[in-house]
Amino acid sequence: MSSLFAVLVLISYVYTLYRDYALIQQQGQAMRRFYVGLSATVLACYLVLYFKIPVLMPSQWVSNTVGPYVFSLLRPVGG
Amino acid sequence: MDRIREINSRQLTWLVSVMITAGGLMSLPKSLIEVASLDAWVSEIGGVLYGGMIAFVLYQLAMRFPGKNLFEIARELWGPVIGGLINGLMLLYLWTILLRDARVFTDFIITLLLPRTPSDIVLYLLIMLVIYYGRSSIEVTARVNDFVFPAFGFLLAALPLMLANELSFQRVEPMLGHGALPVIGSNFLTIGWFGDVIIAGCFLNTIRNAKVIYHSLRHAVVLSAALLSIILFMIISVLGSKIAGRILFNTYSLVEQIHITDFLDRMELLVFSVWIPAYILKTCFIFIAFMHGCTSFFQSRDHAPITRMSGWFLMLTTLLSFDSLSETFNFSNFGAIAIALVLHPLILVPLIIRAYRHKPKKKALEPPDEVHYGSRRKQPKQAGSLLRNMLHQRTLRSWRITSNALLGTAVALIIVGVLFGPMHSIVGTTCSLGFGFCLLFAVLTTHMERLTVVNEAFQRKMRRKKNKQSDGAA
């Protein structure tokens, strides 16, 4: 993540919180909790990306294990 | 914001078609050609059968729960805990598809069109657009798609004409000459893409008549298969299977080959200015489905408050999800099939088991209140064309039988072709071409199915209105 992009994302995130605040206040408690959880997850993802903390995403597991397995099943078929 | 939003059957058909075709264009051809080589262009029938099966399951659910989408049906059938779990699985599926699509789009743009632009920025712009559409409703996406899909479909269908000077039938021969296994393998792969029809389940509430949903989805699946088959045939006949199997985005290379005159030799810019909006609309369609899934936990249909934050969540998880282009391709083409075959049964089987205890509602077979297509329904009878009258005199049942017979013949031709093609090349060629014609005719017959079911629903509504008026007068 380049520093320019990091700043851009941070500004977008803060602006989103600012714009959504009034809307979220009108929602029920469950929606408010969900929003807090979602925004916390976004912040966590941002920090992981910014500090380059190694994480194994489920998609990477599928790409690196399931994908090649399916490919190996089909590849000999095509020659 | 909580009003019922409606789209018509054509819009549903085009949305599902753009979802399957635009996604399949970017990365699928390479893997299909790698697996089935020359026979890759007959790979779509497996996807058609799977997509048709999902459409039938959605039809059964829509018949029993009119005006409800897949998430609401799951909650109603299984309660908040197990229903919530099923909805969670559906959300997981939608999220993986969004990751795949956003990443494939970014990789496509930075590899071929804007190599000096950072991928993060391309992704950021895509997400901004997705959020913009996501804050509105499915109606907006459907209406924009009404502009984009005709141009998109026309450009795909016109490829044989535009590339007539480049294609060589010798590159496609021997057709079906490599036995059954490559064809089975490639047909298996397309299931991962055609399985995306399940996303239409998130919008079951937007069309009230269950039959209209079913026939719209059937037509969408067959139309997408025909368009993808055309493009695969063109890729193999223009680039050859060996080169096409090695190029990452072989669709782009194919379009680069269009040289209509000396002045129109950069047609790829024109073609991609239509294909890219189609791809973005597909992503928006899935994102709105994802939003519906999120709000289903709060029993609400207003997703505006969480759209922006969900967009940023999607962007950051997309950046985290894949390290390289090969990972993205492995995921989208080979991982998608595993995900679809694991998650689809976990989502649909529990719903179907419980749904069969409920009787189909009469309301689900009634025509929609808001008929967008009313004025066009009267045209066939007034038109003097013999062919038109002949086409419109047939019943829904006869169209359905014809479509099923055509698809059955297509499957039978492939089976005969792969069995006898390796020994007699003429059999392989005849069966392949027969398959192509069956698929093209099936596009017409499923289209007529859709029109007939809409027409019947409209006429029923008119009859009921007349009866009410005559009762009132009496």
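For every chain, the first residue of the written sequence is number 1, and numbering continues from 1 along that sequence. By the order in which they are written, chains take letters starting at A while ligands take numbers starting at 1. Note on the predicted model: pLDDT of at least 70 is required for a residue's local features to be given, and 80 or more for side-chain atom pairs to be given and counted; whole-chain, interface and lining totals, by contrast, use all residues.

The subject of this paragraph is the overall build of chain B. Where helices and strands are cited, they refer to DSSP runs of H or I of at least four residues and of E of at least two residues respectively, numbered from the N terminus. Broken down by element type, chain B carries 18 helices and zero strands. Throughout, the radius of gyration refers to the C-alpha atoms, and the reference size of a globule is 2.2 Å times the residue count to the power 0.38. Relative to the globule expectation of 23 Å for 474 residues, the C-alpha radius of gyration of chain B, 22 Å, shows essentially globular dimensions. By its C-alpha atoms, chain B is 75 × 55 × 45 Å across when sized along the principal axes. Exposure classification rests on a simple neighbour count of other C-beta atoms within 10 Å of a residue's own: a residue reaching 20 or more is buried, one at 12 or fewer is exposed, and one in between is partly exposed. C-beta atoms are placed from the backbone. Within chain B, buried positions represent 55% of all 474 residues.

Moving on, we come to the overall build of chain A. The secondary structure content of chain A amounts to three helices and zero strands. For chain A, the sequential pattern of α-helices and β-strands runs α-α-α. Against the globule reference of 12 Å for 79 residues, chain A gives a C-alpha radius of gyration of 19 Å, more extended than a compact globule. Oriented by its inertia axes, the alpha-carbon framework of chain A measures out at about 60 × 35 × 20 Å.

Turning our eyes to something else, we now look at unusual backbone geometry. The peptide bond linking B:Glu173 to B:Pro174 adopts the cis configuration, its omega dihedral lying at 0°. Relative to the elements of secondary structure, B:Pro174 occurs in the loop between α6 (159-162) and α7 (180-194). Phi at A:Lys52 is positive, roughly 50°, even though this residue is not glycine. Note on placement: A:Lys52 falls in the loop between α2 (29-50) and α3 (58-78). Judged by C-beta crowding, with 7 C-beta atoms within 10 Å, A:Lys52 ranks as exposed.

Residues and elements named next belong to chain B. It is at 9 Å that the axes of helix α1 (residues 9-36) and helix α5 (residues 138-157) come closest, and there the two elements cross at 60°. Note that α1 runs across α5; the crossing there is left-handed. Along its contact with α1, which presents Gln11, Trp14, Leu15, Ser17 and Val18, the element α5 presents Ala142, Asn145, Asp146, Phe149 and Phe152. The axes are straight lines fitted to the C-alpha atoms, using for helices just the contacting stretch, and the angles between their N-to-C directions are given from 0 to 180°. Take the far helix as the reference: if the near one is turned anticlockwise from it by less than a right angle, the crossing is left-handed, and if turned clockwise, right-handed. Contacts here follow a simple rule: the backbone-placed C-beta atoms of the two residues must lie within 7 Å.

Take the packing of α2(A) against helix α12 (residues 304-321) of chain B next. The contact between α2(A) and α12(B) brings their axes to 9 Å, and the two run at 30°. Taken together, α2(A) and α12(B) sit at an angle that is classed as roughly parallel. In this structure, the crossing between α2(A) and α12(B) has a hand that is left-handed. Each of A:Met31, A:Phe34, A:Tyr35, A:Leu38, A:Ser39, A:Thr41, A:Val42, A:Cys45, A:Tyr46, A:Val48 and A:Leu49 in α2(A) lies in contact with α12(B), whose residues at this interface are B:Pro305, B:Ile306, B:Met309, B:Ser310, B:Trp312, B:Phe313, B:Leu316, B:Thr317, B:Leu319 and B:Leu320. Three residue categories are used. Nonpolar comprises Ala, Val, Leu, Ile, Met, Phe, Trp, Tyr, Cys and Pro, charged comprises Asp, Glu, Lys and Arg, and polar comprises the others, including Gly. Broken down by class, the residue content of the contact of α2(A) with α12(B) amounts to 17 nonpolar, four polar and no charged. Roughly parallel refers to an angle under 35 degrees, roughly antiparallel to one over 145, roughly perpendicular to one between 65 and 115, and oblique to any angle outside these ranges.

Further remarks concern the interface of chain B and chain A. On the side of chain A, 41 residues touch chain B, which itself brings 38 residues to the contact. Only α1, α3 (70-113), α4 (119-134), α7, α12 and α13 (325-355) of chain B provide two or more residues apiece to the side of chain B that touches chain A. Each residue belonging to the side of chain B that touches chain A can be placed in one class, and the counts come to 26 nonpolar, eight polar and four charged.

Let's shift gears to the environment of B:Leu319. One can find B:Leu319 in helix α12. Owing to 23 C-beta atoms within 10 Å, B:Leu319 belongs among the buried residues under this scheme. Separated by 141 residues in the primary sequence, B:Leu319 and B:His178 place their C-alpha atoms 40 Å from one another. Sequence-distant contacts of B:Leu319, that is, excluding residues within four places in its chain, are made with A:Leu49, B:Asp120 and B:Leu123.

On to α2(A). How far a helix is expected to stretch is found by multiplying one less than its residue total by 1.5 Å. The terminal C-alpha atoms of α2(A), which comprises 22 residues, lie 31 Å apart, in line with the 32 Å expected from a rise of 1.5 Å per residue. If you check which residues of α2(A) are buried, you get A:Met31, A:Phe34, A:Tyr35, A:Ser39, A:Val42 and A:Cys45. End-on, the buried residues of α2(A) take up no more than an arc of 130°, which puts them together on one face. α2(A) presents A:Gln29, A:Ala30, A:Arg33, A:Val36, A:Gly37, A:Ala40 and A:Leu47 as exposed residues on the side facing more than 90 degrees away from its buried surface. In the core, the buried residues of α2(A) are packed alongside α1 (3-25) of chain A together with α12 of chain B. Phi turns positive one or two residues past the end of α2(A), at A:Lys52, with a value near 50°. Taking the helix axis as origin, the arc is that swept by the directions to the C-beta atoms.

Turning next to the environment of B:Tyr124. Positionally, B:Tyr124 belongs in helix α4. You can call B:Tyr124 partly exposed: it has 18 C-beta atoms within 10 Å. Spatially, the C-alpha atom of B:Tyr124 lies 35 Å from that of B:Pro80, the residues being 44 residues apart in sequence. Apart from residues lying up to four places away in sequence, B:Tyr124 is in contact with A:Leu8 and B:Met315.

Let us look at the confidence of the model for chain A. Residue-level confidence of the predictor is summarised by pLDDT, bounded by 0 at the bottom and 100 at the top. Model confidence for chain A is summarised by a mean pLDDT of 85, while 94% of its residues fall at 70 or above. Averaged pLDDT values over the elements of chain A bottom out at 75 in α3(A) and peak at 91 in α2(A).

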